[in-house]
Amino acid sequence: AQGTVAYQETTLSRNFPFGNMIVEKTIGTGDSAPKTWYTYHTDNSQQGSFGKLASERHSNGLWKKYFYDGQERKTMIVSPFKNQSFDTTQSNAKVEYFIYSPVDPRDIPYKGDARPRVIETKIGGITVSKEYFAYFMDTNGEYVEIHERCSNAVAEYGNESNLRTEKHYYAS
């Protein structure tokens, strides 16, 4: 129909010391239009976090909180398990950990490497999933990527029960 709005997105921005950032986004019109609110890490003494996304909350009740290390890499995402409120404790929520320490001795990360080597998900403090990643050059000079998904959430890297994918990129 002529003159009918098919899609509308409205954003509200706020000026911070680290830049102009979106603090609210609405998609649609009317009181029932879904909204998302954003907060940012504003403590400039927190090296690696300052200016990064701290949380997002959605009008449908979903939310996430983000944490970073000194190299600006995500170290943790906290989100609800079932129907928990924004202020629930981490021990009751779903928490995804991102660990950057190598799990394979052949993997030597470069400074600022943003690829996690372990992603572990806990719900209520109990590990429910774990994945391992390794990146290295093999003895033939070919690049190798390894991804292991643990079938047993407490298995270590290299466990024979892990589901393992190896990608070899052959040198020409």
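Reading the values: the criteria
- Residues numbered from 1 in each chain as written.
- Predicted model: local features only at pLDDT ≥ 70, side-chain atom pairs only at ≥ 80, totals over all residues.
- Heavy atoms only, no water.
- Pairing = 2+ DSSP bridges.
- Helix = DSSP H or I, 4+ residues; strand = E, 2+ residues; numbered from the N terminus.
- Axes fitted to C-alpha atoms, helices over the stretch in contact; angles between N-to-C directions.
- Core = buried A, V, L, I, M, F, W, Y, C linked by side-chain atoms within 4.5 Å.
- Buried < 20%, exposed > 50% of the residue type's maximum accessible area, 1.4 Å probe, protein only.
- Contact = heavy atoms within 4.5 Å.
- Salt bridge = Lys/Arg side-chain N within 4 Å of Asp/Glu carboxyl O.
- Phe/Tyr/Trp six-rings, centres within 6.5 Å; stacked < 30°, edge-to-face > 60°.

A look at the sheet that holds strand 8 (residues 118-123)
Strands in a sheet are paired, the pairing made by backbone hydrogen bonds, and the direction either parallel or antiparallel.
Phase 1 of the analysis: On the basis of which strands lie adjacent, the open sheet formed by 11 strands has the order 1-2-3-4-5-6-7-8-9-10-11 and antiparallel pairing. Whereas interior strands pair on both sides, the edge strands pair on one side only; in this sheet they are strand 1 (9-16) and strand 11 (163-169). Strand-to-strand, the axes of this sheet are offset by a mean angle of 15 degrees, without reference to chain direction.
Phase 2 of the analysis: Here four bridges tie strand 6 (residues 74-79) to strand 7 (residues 94-99), and the two strands are oriented antiparallel to one another. Looking across to strand 7, one finds that valine 78 is bridged to valine 95.

Brief notes about the pairing of strand 2 (residues 19-27)
Phase 1 of the analysis: Two elements, strand 1 and strand 2, share eight bridges in a ladder whose sense is antiparallel. Bridge pairing links phenylalanine 16 to glycine 19 in strand 2.
Phase 2 of the analysis: Here strand 1 folds back onto strand 2, and the loop between the two strands holds two residues.
Phase 3 of the analysis: One ladder, built from three bridges, connects strand 2 with strand 3 (residues 35-40); its direction is antiparallel.

As for the nonpolar core
Phase 1 of the analysis: Judged by nonpolar contacts, Val118, Tyr132, Ala134, Phe136, Val144, Ile146, Cys150, Ala155 and Tyr157 together constitute the single largest core of nine residues.
Phase 2 of the analysis: Secondary structure elements with two or more residues in this core: strand 9 (126-137) and strand 10 (143-149).
Phase 3 of the analysis: Per-element tally for this core: the top contributor is strand 9, with three residues.
Phase 4 of the analysis: If we skip the residues at most four places from it in the chain, alanine 155 touches Lys130, Tyr132, Cys150 and Asn162.

Re the pattern of salt bridges
Phase 1 of the analysis: One pass over the structure, following the stated rule, counts nine salt bridges.
Phase 2 of the analysis: The residue glutamate 24 makes a salt bridge to lysine 35 at a minimum N-O spacing of 3.5 Å. Linking glutamate 24 in strand 2 with lysine 35 in strand 3, this pair joins segments that are 11 residues apart in sequence.
Phase 3 of the analysis: Here arginine 73 and aspartate 69 are joined by a salt bridge, their closest N and O atoms 2.8 Å apart.
Phase 4 of the analysis: Here aspartate 69 falls in the buried class, since its relative accessible area comes to 16%.
Phase 5 of the analysis: Salt bridges here are not isolated pairs; linked through shared partners, they connect Asp107, Asp113, Arg115 and Arg117.

Some words on the packing of aromatic side chains
Phase 1 of the analysis: Under the definition given, this model contains seven aromatic pairs.
Phase 2 of the analysis: On the numbers, 5.1 Å between centres and 85 degrees between planes, the contact of phenylalanine 18 with phenylalanine 50 is edge-to-face. Placement of the pair is phenylalanine 18 in the loop between strand 1 and strand 2 and phenylalanine 50 in the loop between strand 3 and strand 4 (53-58), with a sequence separation of 32 residues.
Phase 3 of the analysis: The class of phenylalanine 50 is partly exposed, set by a relative accessible area of 30%.

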